[in-house]
Structures are given as C-alpha cells and as structure tokens.
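# Commentary on secondary and tertiary structure
Residue strings, one per chain:
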Amino acid sequence: MAKAAKIKASAKPTSGADIVVQSLVNHGVDTIFAYPGGTTIPLHQSLTRFKDKIRVILPRHEQGGGFAAQGYARTTGKVGVCMTTSGPGATNLITSIADAKLDSIPLVAITGQVGTSVIGTDAFQETPIIEVCRSVTKHHYLVTDVNDIARVIREAFHVATTGRKGPVWVDIPKDIQLARTAPDYDAPMQLPGYHVEDRQAAPGQIAEVAAMIKKSRRPVIYAGGGVIAGGASDELVKLVRKTGIPVTTTLTGLGCFPGDDPLCLDMLGMHGSVYANYAVDEADLLLAFGVRFDDRVTGKVDEFASHGKIVHIDIDPSEINKIKTADVAIISDVKSALSELNKVVEPPEDLTDWHKKIAGWKKSDPLGYDHDFDGILPQHAIRELWRLTKDRDDVIITTGVGQHQMWTAQHYKFRHPRRFLSSGGLGTMGFGLPAAVGAKTAHPDKLVVDIDGDGSLLMNVQEMATCHCEKLPVKIMLLNNMHLGMVVQWEDRFNAGNRAHTYLGPIDDPEATGQGDGLCPDDRYPDFVAIARAFSWSARHVWEKSELIDAIREMLETPGPYLLDVQVPYQEHVMPMIPSGMTVRDVIRE
Ligand SMILES: Cc1ncc(C[n+]2csc(CCOP(=O)(O)OP(=O)(O)O)c2C)c(N)n1
Ligand SMILES: [Mg+2]
C-alpha cells in the first residue's frame, strides 16, 4: 500500500477539492489522467495549485483516461488515478473501470457529481454513477460530507491496493468540493466489512506441496496475473531453477517467467501453444499460481488438468475451488508462499522423460507461420519487432484486442513482468493506444510500442492527440487487415465464412460480402497514415516484406510519436485454436 504521509491535522479550513488533491499527494500520486467538466471545475482548479507535485494528463476521451491510468498502474505496480466529470464523463469511464476489475488492476477513479441538493432530480448531467458502477468496482463511494473526504481517499487507496487489487470509485458532488473544513489526513479508516486477510500458507501446507513436487513425474506450473500483481516473479524463477518444472502462463501472466527460457511453454488456453495444453493435460501435478481458471484457459472444465493433482495458490479466497477443486489450496499472496516453498523444495527425482516429451511436442507443433508468404504476415511483423528489440531492456508492449493481440502473446517473448499490457478478462478493443499513453507517462525513458489492430485503434484513435500534445512519443505498429479479424476467423471456422459486418471498408467493396481476394484493396480505408499526420505524428505505410525491417527501424529511431501501418492479409487465422468449451484433443492446427 502507498504510505500516507503523516500530515498534522490543519486548523485552516480547506476546500474539499484541495483536500482531495492534497490526499492524492499524500499517497504519492504524481500523475492523474483527468478530463474536466462542470462538476469537476473545483478539482481541476485545485490541481493547478499542485502542479509541481502532480502532472495532469488530458486524455481526449474519458475511456482513454481510464486505460491510461491502467497503463500507469500495470507498468509501475502503483495505483493509477483518473478523473472525469459527472454524467457522460463518468459513463464514458465505465468500460476502463470494468476492465481493471477483471484484471485486478489498482485504480482510484474520481468523478464529479451534481450538487447534493439536486441529486435524484435528473439534474443536468446527473447519472447515479455509484449505482451504475457497483458491480464493476471493488468498492465505491458517494461522498456527501466534506469532512469525510480525507478518510474516504485514504480508504480508497487502501482497498485498491490490498488483498486482490482492483478499482475503487469515489463520486464527489460539486458542493462538497467547494465546502470547507479543517482536514484530518490521519482520520482512522472505517471499513468494518473489509478484512485484508494476511493469511500465510501453513508450514504443513508448504511441506505437503514440497512433497508433491518431489514425488511428481510430470509437473507443470500454470502462472497468471497474480504472480505479477504480487511481485512474485523472482520467486517463481527461483522455484523453476531449483526444480526444473516447466512453466506456462496466462495472457495476463506473460513476462512473469522469461518467454525465451527453454522451460517456458508459452501461453496456454484457446490460442495457447499445443505443447502447453498437452503438458497441462498430461500433468500429474498442476501448480496453479495467481490464476483463476478462466474459460479461455480451461476449455471444457471437467477435462482440464484431469490427470493429476492441483495445487492452487491465490490471494483471493473466492477464487479457491470456484471453477476447479484443488487438492491443496493455499490462500496467500503468491510471493510469500513461493518464498517459503523455495526454502524447502527439492527437485522431482527425474524429469528427463517429461522434458523429452515436451521437447517432442515443441518440435512437432511449434508456434509457427508461413515464412514463405509473399507479403507481410502479422506474425512475421511481430517476430521481426521482437528480434529487433529483444536485447533492449526497456521495451513495453501494449495491444488492442483481436488476432493481433493473440499473435503478440504468441510471438513476442517477454522476459520481464509489467512489460506486456493487454486487456485480458474484459477483452476491450481500444485498450492499446491509451494504455501506451499511461505507460509512456510513467516511463518516459522506455520504448513503448502499441501493436494494434485497425478496428481496435479506431476505437480510441483520439489519444493520438494526447501523445502529441503531452509530448508522449509512443509508437504504433498497426497490423492493418481492414477487418475485425478475430470475428472473421470465427465466421470462417464456425459460420461457413458468411461475412456479417466484419469488413471495415465501404459496404460496396467485394470484401464486405466475403468476395475479396484475401489481401484487401490497395487503397486501404481509412488512411491511417493521413490520420496520424493530421495528429502531427510521423507515419509510413509498409506492404513489401523486403521493406519491413527498414520500416520497423525507422519507427524505432524516429523521434516523436510514429505510426507504422503494416498492410497484412485478412485470411490468416490465429493457430492453434481450441474451440470454446473443448479440449486439447480438439485442437485446430491450421
Ligand atoms: C469494445 C469491443 N467491442 C467488440 C469486441 C469483439 N471483438 C473481439 S476481437 C474483434 C475484432 C478486432 O479487430 P481488430 O482490432 O482490427 O483486430 P484483428 O482481429 O483484426 O487483429 C471484435 C470486434 C471487443 N472485444 N471489444
Ligand atoms: Mg483488423
């Protein structure tokens, strides 16, 4: 938890708005993503008085602000803070908050609300946002007394960052922002129903897991976002070095174990590697760390990891036995449980056969693509970007949602946690660019590349203005197939290729009815290079394979924001694929 600085209760009456901002400063907030409006004018005025302490980034859409706050939080591990006005500002924020809830990202969202005297009257720009956001936040407040502000903000940071992390929403009516009181920043928290369970694994449990590991012949680690959220990557690597157990990760767990390590099995699940899914299927011991057995991972739940024992370590008691019954369930943060385990664990007796078997699967079913294709395949573009950046220690990648996201997860090998930002649980198109904005704000010296899809980019394309105006030189490698590629893939596989509103060009083009040539018209619509230039970005199209490396280099080396529009075919499917609700035995390979 961010430590609240001890500030003596001041006798001087202070406005609610100033108390909010001072509270943020006390919690170590240095950046806020905030879009103003009538009900947040006092808060924004106050922010100008604290401008030497807090940088205010003005997104161009509130959803962008929420995702930027996520980009900040996901890369730093600190709380991301965003703010909007009431009504439409607040409703625009909801998607990014729901997204943070599903991926357990700590956020504090502050919204203005109409004055307390008119709440409930359908006042101008009134939305009962606390009612609306109730089920997509970890906690939420409507503050109706200026004397509560300091305590509420303190509680908000506490709740967002303790236990399983998540977003907290604080709605503050305008008259409460203007009211004055002598603030007490040390006011005790009042959270009678919220208990942070500081549960640790019992020594007996750790000994039991160690014994199971020692006895196992075919163990696999299934590691998720909880390993990253809990700062447990180093302990995970240590465990693998001690035991030789191979690791597969979820989408949100990518980077918690080095992606190019020989013991890395890459991602598992629907678009995971064949070898990861086979390994989990045949495992006699599945070590599930900081995961929630999402349906995109398990497919048919009854048959997932059904040939062995399951150890599940998670900080959130409600995840234990929710989808799969664990043989040993440990409610604990992953880091402390793994560090205890590392003190006593011994390697299994002999993993030679298991390693051999996995090597065989890796060889027969690699994550590949057609290297001889004439044009640029999206997988190839990602591989080349990875090749050109893999030895840099400073790369952060974001994505939209769709095929390009899955290919990035498969082909960019992340070596460190907090370097791959993607909307996992909610799967929200439009995540990539604003998340890159937040990441670049937090890490001005790092290279931030949004590998995006054309459909996804268009959903928050306005954030290009934020990048230019706020001096945030992010890069976009656009995998432009002029289609909603992931939906096209499902149309092709499960709906006889019937195109149903998945073509992003004019409706009278042959592609709109599935009559295209697989490559798209030469004149791509929209012209993303022209769009980028209108936002004062540098930009370039590339469609010749022979020009790709040069174009990627140009993107990386050109100062300022840069969009590389990579024209890719649309008839490429993300493989392998386990259709929804099925098992690795139903995997489609091509
Ligand atoms: C906000 C939102 N709307 C709709 C969807 C459903 N959806 C998932 S992937 C996808 C296609 C994405 O297209 P694009 O961004 O171009 O990526 P591609 O699959 O072509 O790489 C759609 C429509 C979604 N995930 N999010
Ligand atoms: Mg697309």
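Structure shown above.
Scoring rules and cut-offs
Residues numbered from 1 in each chain as written. Chains lettered and ligands numbered in written order. Predicted model: local features only at pLDDT ≥ 70, side-chain atom pairs only at ≥ 80, totals over all residues. Heavy atoms only, no water. Helix = DSSP H or I, 4+ residues; strand = E, 2+ residues; numbered from the N terminus. Rg over C-alpha atoms; globule rule 2.2 N^0.38 Å. Buried < 20%, exposed > 50% of the residue type's maximum accessible area, 1.4 Å probe, protein only. Contact = heavy atoms within 4.5 Å. Areas by Shrake-Rupley, 256 points an atom, 1.4 Å probe, with all protein chains shown as cover. Donors = N, O, S within 2.8 Å, 3.2 Å for Na, K, Ca; no water. Axes fitted to C-alpha atoms, helices over the stretch in contact; angles between N-to-C directions. Parallel < 35°, antiparallel > 145°, perpendicular 65-115°, else oblique. Left-handed = near helix turned anticlockwise from the far one by under 90°. Nonpolar A, V, L, I, M, F, W, Y, C, P; charged D, E, K, R; others polar. Core = buried A, V, L, I, M, F, W, Y, C linked by side-chain atoms within 4.5 Å. Near = heavy atom within 4 Å. Polar contact = N/O pair within 3.5 Å; in protein donor to acceptor, adjacent residues only side chain to side chain. Salt bridge = Lys/Arg side-chain N within 4 Å of Asp/Glu carboxyl O. Pairing = 2+ DSSP bridges.

## Concerning the overall build of the protein
Summing up its helical and strand segments, the protein has 22 helices and 20 strands in all. Its C-alpha radius of gyration of 25 Å places the protein within 12% of the 25 Å reference for a compact globule of 590 residues. Here the protein holds 590 residues, and 59% of them are scored as buried. The contacts of the protein with a sequence gap of at least 6 include a subset with a gap of at least 24, amounting to 76%. Accessible surface, the protein: about 23000 Å² in total, of which carbon and sulfur atoms supply 52%.

## Points about the coordination of the magnesium ion (ligand 2)
Under ideal tetrahedral coordination, the four donors around a metal are separated by 109.5 degrees; under ideal octahedral coordination, the six donors are separated by 90 or 180 degrees. Coordination of the magnesium ion (ligand 2) by the protein comes from Asp454 (OD), Asn481 (OD1) and His483 (O), over a distance range of 2.1 to 2.2 Å. Sequence spacing among the residues donating to the magnesium ion (ligand 2) works out to D-x26-N-x1-H. Taken together, the positions of Asp454 in helix 18 (residues 454-459) and His483 in the loop between strand 18 (475-480) and helix 20 (485-494) put the pair 29 residues apart, joining distant regions of the chain. As far as burial versus exposure is concerned, Asp454 and His483 are alike and both buried.

## As for the packing of helix 10 (residues 233-243) against helix 13 (residues 334-344)
Between helix 10 and helix 13, the shortest axis-to-axis distance is 9 Å and the interhelical angle comes to 25°. Overall, the two elements helix 10 and helix 13 adopt an arrangement that is roughly parallel. When you trace helix 10 past helix 13, the crossing you get is left-handed. Here Glu235, Leu236, Lys238, Leu239 and Lys242 of helix 10 lie close against helix 13, whose contacting residues are Lys335, Leu338, Ser339, Leu341 and Asn342. Tallied by class, residues from the contact of helix 10 with helix 13 come to 4 nonpolar, 2 polar and 4 charged.

## Brief notes about the nonpolar core
What tends to happen in soluble globular proteins is that the nonpolar side chains get buried as a cluster. Trp169, Leu433, Leu457, Met464, Ile476, Trp537 and Leu563 are the most contacted members of the largest nonpolar core, which has 43 residues in total. Those elements that place two or more of their residues in this core are helix 3 (62-76), helix 4 (88-102), strand 5 (107-113), helix 5 (129-133), helix 17 (432-442), helix 19 (463-469), strand 18 and helix 21 (528-534). Setting aside its immediate chain neighbours within four residues, Leu433 contacts Asp450, Asp452, Leu457, Asn460, Val461, Glu463, Met464, Cys467, Val474, Ile476 and Trp537. Within the second largest apolar cluster, 35 residues are counted, among which are Val20, Val21, Ile153 and Phe157.

## So, the site of ligand 1
Near ligand 1 lie 17 residues; those nearest to it are Gln403, Gly427, Asp454, Ser456 and Gly485. Measuring from an oxygen atom of ligand 1, one finds a side-chain N or O atom of Asp454 at 2.8 Å. Take Met486: an N or O atom from its main chain is 2.9 Å from an oxygen atom of ligand 1. If you tally residues by element for the shell around ligand 1, the top one is helix 18, at 4 residues. Among the residues making up the shell around ligand 1, the classes are represented as 6 nonpolar, 10 polar and 1 charged.

## What about the pattern of salt bridges?
Across all of its chains, the model carries 31 salt bridges by this definition. The closest approach of N and O atoms between Asp294 and Arg292, which form a salt bridge, is 3.3 Å. The exposure class of Asp294 is partly exposed, given its relative accessible area of 22%. Where salt bridges share partners, they join Arg164, Asp316, Glu319 and Lys322 into one cluster.

## Examining the sheet that holds strand 4 (residues 80-84)
On the basis of which strands lie adjacent, the open sheet formed by 6 strands has the order 3-2-4-5-7-6 and parallel pairing. What marks the edges here is a single partner per strand, and that holds for strand 3 (55-57) and strand 6 (139-142). Sheet twist, expressed as the mean angle between neighbouring strand axes with direction ignored, is 20°. In terms of strand pairing, strand 5 meets strand 7 (residues 167-173) through 7 bridges, oriented parallel. Paired with Thr111 across the strands is Asp171, a residue of strand 7.

## Focus on unusual backbone geometry
That bond from Tyr525 to Pro526 is cis: its omega, -10°, falls within 30 degrees of zero. With respect to the helices and strands, the residue Pro526 is situated in the loop between helix 20 and helix 21. The amide bond that connects Met575 to the next residue, Pro576, takes the cis arrangement and shows omega of -5°. Examined against the element boundaries, Pro576 turns out to sit in the segment after strand 20 (562-567). For Ser104, which is not glycine, the phi dihedral falls at a positive 55°. Positionally, Ser104 belongs in the loop between helix 4 and strand 5. Relative accessible area serves as the criterion here: at 14%, Ser104 is assigned to the buried category. Unusually for a residue other than glycine, His501 sits at a positive phi of about 70°. Structurally, the position occupied by His501 is in the loop between helix 20 and helix 21.

## Some remarks on the sheet that holds strand 20
Spatially, 16-15-17-18-20-19 is the arrangement adopted by the 6 strands of the open sheet, whose pairing is parallel. Looking along the sheet, the strands with just one partner apiece sit at the ends: strand 16 (420-421) and strand 19 (538-542). Strand direction decides the pairing type here: strand 19 and strand 20, joined by 5 bridges, are parallel. If you follow His541 over to strand 20, its bridge partner there is Asp565. Its contacts with the sheet put helix 17 on strand 15 (395-399), strand 16, strand 17 (447-453) and strand 18, and the angle it makes with strand 17 is roughly 175°.

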